[in-house]
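These are the residues of each chain, in order.
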Amino acid sequence: MNTTQTQKGEQLISIQINVVKDDYEPQVKKELNKIKQRAQIPGFRPGMVPFGMIKKMYGGQATVEVLNSLVSETLNNYILENKLDLIGYPLSDPEHQTPVDFENQDAIDFFFEAALRPEIKVDYSKASIDFAHVVADDAAIDKTVEELLERNPEVTHPETVGENDILELKVREAEDGKELEDGFKKDYVLLNLKDVKTKTHKKKFVGKTTGSEFIVNLSVVLGSNEKAANLLGKDAPADSDYNIIIDDIRHEEKAELNADFFKKIFPDRELADNDAFRAAVKEEMEKQYANETDRILFTKMIDALVDNTPFNLPDAFLKRWIYENNQGKLSLEDIEKNYQENYSKGLRWQLIEDSIVKDNMELAITDAEVRAFLISQIFPGMDYNTADDDMKARLDKIVDSYLKNEEQFSNVKNQMADVKMTNFLKTKLKINYTDQTYDEFIKDLENASKSEKKEPKKRTRSKKQ
């Protein structure tokens, strides 16, 4: 067997694999003998079918399968041994490949066309981007502080129920004023008296003390069977009486802006006064804004680099490669029509990205980083390194089960890669920031979307070949 390579153009090569019968006939005979052992043909005992008959019936099929396997392995080894840096994978070379006559040819030539990756030099200084620095203005800070006060109230536990208190209850299904021995039971139910339908119904609770026990119909009290089911769970009988026991009374008052509240919201900071607290809120808001807007900024940075990093691509080959890899799901006409916007741009970014990562290996995402990220997401606050061996084993088992899904693993890895690349490019590209409030930023996005003739295509990652 002999493999040779010839240049077809700036980025295209042809690989020729010459195969003679001595290269594949022994393996074909071996395969035919396997078929002979398991063939069931009327008139012959298993394993006793003449080899000539087996060859006549299955020889062509066996030859094709053996040759496909042999040529594919030879091609893969040639690519690896010669360290060919390719775009995608080789295709049959239509310019040189001729029909094969397996019966009469002593030597068979297989020709493949392959695209070499271009040399890419990324010049970050050529890309300039105008973008918003989304700031939190006083009105937005006021709104956020108010929401924090409402979500983090001062809680007391009075002995007597008030009109707007939250009750921690035990509930037992009842009939004729008595608990049903085998009825529905639940030991922890939170009832907010703000949800009770009328003042008349609230009177059933107001003034009661911790430990009080009485019968109510929660569907009537809340105004519907649906609301009662939401409170008790879908297994609870609809429109039933319940004996309820008040285990605890929670009274909530809007919190005050004081040192205790500052510490509750920012436990790791020492905030002296309201101004310092508002400054901390502003900082956290703007971090969140940046997380949201970074995805849009990343797209703009990609566009800028693609537009300012010129290199040639073997477009005719790539169109054929896209067509064959989609196995007939896309027509050549569709590919031609959408090639520049949907395919060429995405491939150009992938090649640029690969070039950047090659020069900055810290941007590569390791499997260990994926595991650590998943642990932090599934078990926030958990320090894997300080966990005992049993806990580590449990964490590893959960993460392993997640990583078995190749699509999930790939999605997480790509998300992490995008975050790393975004932060890297923010340090490399010239970004002209203009301060905007969040509302102004959203309004500009909406106006830009309306002005476009069609929706912008979402960038997707190509599968690495």
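Structural data are supplied above this passage.
Please read all numbers here as calculations on a predicted model, not as lab measurements.

A. Focus on the overall build of the protein. Each helix and strand counted, the protein has 14 helices and 12 strands in total. The globule rule puts the C-alpha radius of gyration for 465 residues at 23 Å, and the 35 Å found for the protein is more than 25% above it. If one aligns the C-alpha atoms of the protein with their principal axes, the spans along those axes are about 100 × 75 × 50 Å. Expressed as a percentage of its 465 residues, the buried residues of the protein come to 35%. Within the protein, contacts between residues separated by at least 24 positions form 72% of all contacts whose residues are at least 6 apart in sequence. For the protein, the accessible area works out to roughly 29,000 Å², and carbon and sulfur atoms hold 48% of it. The protein carries 67 positive and 88 negative side-chain charges, and their two centres are separated by 4 Å.

B. Spatial organisation of the sheet that holds strand 1 (residues 2-7). Pairing within the open sheet is antiparallel, and its four strands lie in the order 1-2-4-3. The strands lining the two open edges of the sheet, one partner per strand, are strand 1 and strand 3 (86-92). The average angle at which neighbouring strand axes cross in this sheet is 25°, direction not considered. Across nine bridges, the pairing between strand 2 (residues 12-20) and strand 4 (residues 107-116) is antiparallel. Each residue of the ladder has a partner; that of Ile-13, found in strand 4, is Ala-114. With respect to the sheet, helix 2 (residues 51-81) is in contact with strand 1, strand 2, strand 3 and strand 4, its orientation differing from that of strand 2 by roughly 135°.

C. Main features of unusual backbone geometry. With phi around 55°, Asp-176 is a residue other than glycine that occupies positive phi space. Within the fold, Asp-176 resides in the loop between strand 7 (166-175) and strand 8 (178-179). Given a relative accessible area of 70%, Asp-176 falls into the exposed group. Notably, Asp-239 is not glycine yet its phi reads approximately 50°, a positive angle. Within the secondary structure, Asp-239 sits in the loop between helix 6 (225-232) and strand 11 (241-253).

D. Quick peek at the nonpolar core. Judged by nonpolar contacts, the single largest core of 53 residues is most densely connected at Phe-277, Trp-349, Ile-356 and Leu-425. Elements with a contribution of two residues or more to this core: strand 3, strand 5 (128-135), helix 3 (138-151), helix 7 (259-265), helix 8 (274-307), helix 9 (315-325), helix 10 (332-359) and helix 13 (406-428). No other element matches helix 8, which puts 12 residues into this core. Setting aside its immediate chain neighbours within four residues, Ile-356 contacts Val-122, Tyr-124, Leu-305, Leu-363, Met-421, Phe-424 and Leu-425. In terms of nonpolar packing, the next biggest core, distinct from the first, is built from 27 residues, Ile-15, Ala-39, Leu-84 and Phe-112 among them.

E. Fine view of the packing of helix 9 against helix 10. The interhelical angle for the contact between helix 9 and helix 10, taken along N-to-C directions, is 110°, at an axis separation of 10 Å. Judged on the interaxial angle alone, helix 10 and helix 9 are roughly perpendicular. In this structure, helix 9 uses Asp-315, Leu-318, Lys-319, Ile-322 and Tyr-323 to contact helix 10, whose residues at the interface are Leu-332, Ile-335, Glu-336, Tyr-339, Tyr-343 and Leu-347. Residues that form the contact of helix 9 with helix 10 fall into these classes: eight nonpolar, no polar and three charged.

F. The pattern of salt bridges, seen in detail. A full pass over the atoms with the stated rule returns 29 salt bridges. Two residues, Glu-31 and Lys-34, come together in a salt bridge whose shortest N-O distance is 3.6 Å. In this pair, Glu-31 and Lys-34 are both assigned in helix 1 (residues 21-38), three residues apart and thus about one turn of the helix distant. Look at Glu-31 and you get partly exposed, because its relative accessible area is 24%. Where Lys-287 meets Glu-284, a salt bridge forms, and the shortest distance between an N and an O atom there is 3.5 Å. A residue pair is termed a helical-turn pair when its members lie 3 or 4 positions apart in one helix, as Lys-287 and Glu-284 do in helix 8 at three residues. By relative accessible area, which is 43% here, Lys-287 ends up partly exposed.

G. Just the environment of Asp-165, in detail. Along the chain, Asp-165 falls in the loop between strand 6 (154-156) and strand 7. A relative accessible area of 1% places Asp-165 in the buried class. Asp-165 sits 84 residues away from Ile-249 along the chain, and the two C-alpha atoms are 6.8 Å apart.

Quick notes on the rules
Here the residue index of a chain counts from 1 through its sequence in written order. For a predicted model such as this one, the threshold for reporting local features is a pLDDT of at least 70, and the threshold for listing and counting side-chain atom pairs is 80 or more; totals across whole chains, interfaces and linings nevertheless cover every residue. Computation of side-chain values covers all heavy atoms of the structure but excludes hydrogens and water. Helix and strand definitions follow DSSP, with helices as H or I runs of at least four residues and strands as E runs of at least two, each counted in order from the N terminus. For a compact globule the rule gives 2.2 Å times the number of residues to the power 0.38, and the radius of gyration it is set against comes from C-alpha atoms. Per-residue accessibility, obtained with a 1.4 Å probe over protein chains only, is compared with the maximum for each type, and a residue is labelled buried under 20%, exposed over 50%, and partly exposed between these values. By the convention used here, residues are in contact when the closest approach between their heavy atoms is within 4.5 Å. Each accessible area is a Shrake-Rupley result for a 1.4 Å probe, and residues are judged covered by the shown protein chains and nothing else. For the purpose of counting charges, residues Lys and Arg are taken to be positive, whereas Asp and Glu are taken to be negative. His and the chain ends are not included. Where a charge lies is defined by one atom per residue type, namely NZ (Lys), CZ (Arg), CG (Asp) and CD (Glu). The pairing criterion for strands is at least two bridges between them, as found by DSSP. Only the stretch in contact is used when fitting a helix axis, every axis being a line fitted to C-alpha atoms; angles between N-to-C directions are given from 0 to 180 degrees. What makes a nonpolar core is a set of buried Ala, Val, Leu, Ile, Met, Phe, Trp, Tyr and Cys residues whose side-chain atoms join them at distances within 4.5 Å. Angles below 35 degrees are treated as roughly parallel, those above 145 as roughly antiparallel, those between 65 and 115 as roughly perpendicular, and all remaining angles as oblique. Gly is placed with the polar residues, together with every amino acid not listed as nonpolar (Ala, Val, Leu, Ile, Met, Phe, Trp, Tyr, Cys and Pro) or charged (Asp, Glu, Lys and Arg). For this document, the term salt bridge refers to a Lys or Arg side-chain nitrogen within 4 Å of an Asp or Glu carboxyl oxygen.

What is shown is where atoms sit, not what they do.
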